[in-house]
Amino acid sequence: MSRKSGVKCAYLNCGKTARSYDGLKMYRFPKDKSLCTQWVANSGNISLIHLTTDDLYKKRLCMEHFINNDFSNEKTKNLKKNAVPQKYEEPQSMKVLTPTKTYEGHPVFPKSP
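Presented here is an overview of the structure given in this document. Given the structure is predicted, the values throughout are model-derived calculations rather than measurements.

A separate point is the pattern of salt bridges. Counted under the stated rule, the structure contains two salt bridges. Put simply, aspartate 55 and lysine 58 hold a salt bridge, and the shortest N to O gap is 3.8 Å. Its relative accessible area of 30% is what places aspartate 55 among the partly exposed residues.

Written as structure tokens, this is what we have:
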């Protein structure tokens, strides 16, 4: 019986572990510098930017950030060598909306007496 990893997923706002989520697979950052840079960018986690490729190799992303086409085998969930995680998308509820209408001629605050 293999021990499940307690290492947290480095994807922004994820933090899942294989120990806490049954059947969750974790993947090390690749040693290839170019591919590793893509993983960092897509993870949305800016705290990873300053890390070396060797330090990033110690970090992991969970399977939930990859699409089915990224796996060479759907059953065993082995990643293809060129797989890149999906790009982090800011949740809609956290986005700052820019007003689309402007109101002219109407004071925003009433004048003081």
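Right, picking up where we left off after that structure.
Positive phi values are uncommon outside glycine, yet asparagine 13 reaches one of about 65 degrees. Here asparagine 13 is to be found in the segment before strand E1 (26–28). If you check the backbone angles, lysine 77 has positive phi at about 60 degrees while not being a glycine. Here lysine 77 lies in the loop between strand E3 (71–73) and strand E4 (78–79).

Our next topic: the packing of aromatic side chains. In total, this model carries six aromatic pairs according to the counting rule given. Judged by centre distance (5.7 Å) and plane angle (80 degrees), the ring pair of tyrosine 27 and phenylalanine 66 falls under edge-to-face. One end of the pair, tyrosine 27, is in strand E1; the other, phenylalanine 66, is in the loop between strand E2 (60–62) and E3, and 39 residues separate them in sequence. Phenylalanine 66 carries the same exposure label as tyrosine 27, and that label is buried. Ring geometry for phenylalanine 66 and phenylalanine 71: centres 6.4 Å apart, planes at 65 degrees, overall edge-to-face. Both residues of the pair, phenylalanine 66 and phenylalanine 71, count as buried. Put simply, the rings of Tyr27, Phe29, Trp39, Phe66 and Phe71 touch in pairs and so form one group of aromatic residues. If you follow lysine 31 out to its NZ or CZ, it ends over the ring of tyrosine 57, 4.5 Å from the centre. Positioned above the aromatic ring of phenylalanine 71 is the side chain of lysine 77, whose terminal nitrogen or guanidinium carbon lies 4.7 Å from the ring centre.

What counts as what
Residues numbered from 1 in each chain as written. Predicted model: local features only at pLDDT ≥ 70, side-chain atom pairs only at ≥ 80, totals over all residues. Heavy atoms only, no water. Salt bridge = Lys/Arg side-chain N within 4 Å of Asp/Glu carboxyl O. Buried < 20%, exposed > 50% of the residue type's maximum accessible area, 1.4 Å probe, protein only. Helix = DSSP H or I, 4+ residues; strand = E, 2+ residues; numbered from the N terminus. Phe/Tyr/Trp six-rings, centres within 6.5 Å; stacked < 30°, edge-to-face > 60°. Lys NZ or Arg CZ within 6 Å of the ring centre and 35° of its normal.

Treat this as a map of the structure, not an account of what it does.
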